[in-house]
Amino acid sequence: MKKWLYLGIFFSLLGFGIWKFWCLGSIELPKKQEFTINIVHPGVEIRRKDQDVWQVAKSGDQLFAGDQIHTDGEGNAIIDVYGHGEARLGNKTEITVIDASREQKVMIRLQLGFGKLWTKLKRFNNLADQYQVERNGINSSVHGTAFDMQGFATSTQIQVSDSAVSIESKNTRHVLFEGYSIQVKSDGTFGKDEISTDEVRQTEWFQKNLTSDKEFDKQYVQMLIEQYEKRHGADPQSINDAFMRLSEKTHGLLQPSQKQTMYPFYAGRRLYKISELAKRGNEGMALQEYGMLEEEILKNVHEYPNSTASFQQEIGQVLDILADSMPSSSAYRLKQKIEDTLLRLAEGDPFAEAYVRLGAVQSRLFEASDLITTSSLDDAGTALDAAHQGIENISRDMEQVKQTEEAVNHVRDKLQVLRMREGTLRIRLATAIAPPVSEISTTSMIQTTSTTMTAPTTTLPEKVLPTEIPIPLIHSLQINPGNSILKGNKAITFHVVATYADGTKKDVTDASLLSASNLRLGYFLRNTFTANPNVDGQVDIVAFYTESNKTIRAQTSIMIQP
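A. Molecular detail of the overall build of the chain. Each helix and strand in the chain was counted, giving 11 helices and 30 strands. Split into buried and exposed, the 562 residues of the chain put 47% on the buried side. Of the contacts formed within the chain by residues at least 6 apart in sequence, a portion of 57% connects residues at least 24 apart. Accessible surface, the chain as shown: approximately 28900 Å² in total, 52% of it carbon and sulfur. A gap of 3 Å separates the mean positions of the 61 positive and 70 negative side-chain charges of the chain.

Here it is, written out as structure tokens:
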């Protein structure tokens, strides 16, 4: 009797062990995100395609091509863009879903009838993915940004809060950058770009959406973390990790048809655990584990090319979780290694490579902004230099690609935005290092007060150094050439000259920071300013130069003509 009891216990434990071992290779796949509507305040109706009756919309209702959504004077709603963004409907707004597919690529097309529609969209993993809002023949196209579109009786207003929007109307293409708004008439005629006024930015609609944008970013990262926690990964080099990998291989042997589908998810949970290890301070082991994982991923992609997109998505999501890792963080080197892997996965496709590198530049600029805020100024300068080099490299490579490619336009639009951010951050950094001590001159020449600085004395045996050592001071700073006129798509090279109190002059261009007040009109590469085509207006050019812990600046201007 005892024999059978023991055998029963043994086989029960054996079965339980086999079941647990099998479960190690079975993971809870992330819930498939849908294109759905969530009701913020009652007063939202929906009319399905080919139906004449409006129905009360409910949170969680899935949306399809042809559906119309309407809000009354009290109603508010948010459309969940496959978990990757939000389209927020204001009061008295009506939109139509033209397309909401994601077969080979994500293609979202919404048509604004009237009212207000604010979009907050994360950067897509694939350059082919697209999000568009249309109205009266106006097509606003983005890959990842935050912008507001409002429909009036005779015009449409678009204003961009983050990044840029490409607007097309009657074969005319226009790029609207962050911080600007534009009115487009019903006949497709573009007004002038206007800086978003404080009056507009302080409205309840604008402020509420800015707050919602920040909250969405936090919720997005938290969603990713919860998603990976549910996969129940194991710490690298632990006993559970060894059993887990063996179980994964067993699944692949017994279910070969599922191997290609499941491995990106296995790699994703391992990568997440590696990132957690790095965050805890074990950088060396994390990098070692990641090196092995990267080789496995590249080998798998070589064997199953169709799995590339799945790996890119998993790697991109972990990179989003690590976005806040700064150079001082133990996870920073891992973050850079992951960026390198994404670039390796994109090799051979110039647009895909450029898209990945744009993301890396954007990360460096984000880091620079945070580092300036925390007064880590040396690291901020390094991050800005890396971003600048990345911008130049991408710009150079895009010159080799055909001008007619739509993807090229998107890359160049993004480059313009990144140049604007770099310029703004350069000024912030220069001011943080040494606040300007002189006012900007209206004539491109700046005067400073001449004084004598005293150096410390040192006593040596039988010899005394002079107690005062005069140090030449800058008397003026000048930008050459002065006020100029420049045709669109042409360039002008500036030089910055310092004149000292003793009358000597020195070219300090390489040590100066040159910036433009409005990069919608053009952009700097080193000390050469290039005007954008088909624009007009005045742009102020400012030079900052620091010497002897004092920063002075000079200004001139350029009149851009089409």
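B. Broad picture of the sheet that holds strand 28 (residues 528-531). One open sheet holds the three strands; their spatial order is 23-28-27, and the pairing between them is antiparallel. Both outer strands of the open sheet, strand 23 (491-493) and strand 27 (522-525), are each paired with one neighbouring strand and no more. The sheet shows a mean angle of 20° between the axes of neighbouring strands, taken without regard to direction. Bridging between strand 23 and strand 28 involves three bridges; their strand directions are antiparallel. In the sheet register, Ala 491 faces strand 28, and the bridge partner there is Thr 530.

C. Local environment of the pairing of strand 13 (residues 155-162). With respect to burial, strand 13 is a largely interior element, six of its eight residues being buried. In this sheet, strand 13 lies alongside strand 12 (residues 146-151) in antiparallel orientation, the contact comprising six bridges. Note that in strand 13 the partner of Gly 151 across the bridge is Thr 156. The antiparallel hairpin formed by strand 12 and strand 13 contains three residues in its connecting segment. Bridging between strand 13 and strand 16 (residues 180-185) involves five bridges; their strand directions are antiparallel. Of the residues in strand 16, the one forming a bridge with Thr 156 is Val 184.

D. Here's a closer look at the pattern of salt bridges. For the coordinates displayed, the defined rule picks out 25 salt bridges. Between Arg 421 and Glu 178 there is a salt bridge, with its nearest N and O atoms 2.9 Å apart. Here Arg 421, found in helix 11 (residues 406-433), pairs with Glu 178, found in the loop between strand 15 (172-177) and strand 16; they are 243 residues apart in sequence, far enough to count as distant. Classification of Arg 421 by relative accessible area gives buried; the value is 17%. Residues Arg 426 and Asp 385 are paired through a salt bridge, measuring 3.2 Å at the closest nitrogen-oxygen approach. Highlighted residues: Arg 426 in helix 11 and Asp 385 in helix 10 (residues 377-398), separated in sequence by 41 residues.

E. Up close: the side chain of Ser 307. Looking at the secondary structure, you find Ser 307 in the loop between helix 6 (283-303) and helix 7 (308-321). Judged by its relative accessible area of 2%, Ser 307 is buried. Not counting the four nearest positions on each side in its chain, Ser 307 is found in contact with Gln 260, Asn 300 and Val 301.

F. Inspection of unusual backbone geometry at higher detail. The linkage connecting Asn 480 with the following residue, Pro 481, adopts the cis geometry, with an omega of -5°. Its place among the elements puts Pro 481 in the loop between strand 21 (474-480) and strand 22 (484-487). At Asn 136, a residue that is not glycine, the phi angle is positive and equals roughly 50°. In this fold, Asn 136 is placed in the loop between strand 10 (130-135) and strand 11 (138-142). On the accessibility criterion, Asn 136 (43% relative accessible area) is partly exposed. Residues other than glycine seldom take positive phi values, yet Ser 163 does so here, at roughly 70°.

Scoring rules and cut-offs
Residues numbered from 1 in each chain as written. Predicted model: local features only at pLDDT ≥ 70, side-chain atom pairs only at ≥ 80, totals over all residues. Heavy atoms only, no water. Helix = DSSP H or I, 4+ residues; strand = E, 2+ residues; numbered from the N terminus. Buried < 20%, exposed > 50% of the residue type's maximum accessible area, 1.4 Å probe, protein only. Contact = heavy atoms within 4.5 Å. Areas by Shrake-Rupley, 256 points an atom, 1.4 Å probe, with all protein chains shown as cover. Lys, Arg positive; Asp, Glu negative; His and termini not counted. Charge placed at Lys NZ, Arg CZ, Asp CG, Glu CD. Pairing = 2+ DSSP bridges. Axes fitted to C-alpha atoms, helices over the stretch in contact; angles between N-to-C directions. Salt bridge = Lys/Arg side-chain N within 4 Å of Asp/Glu carboxyl O.

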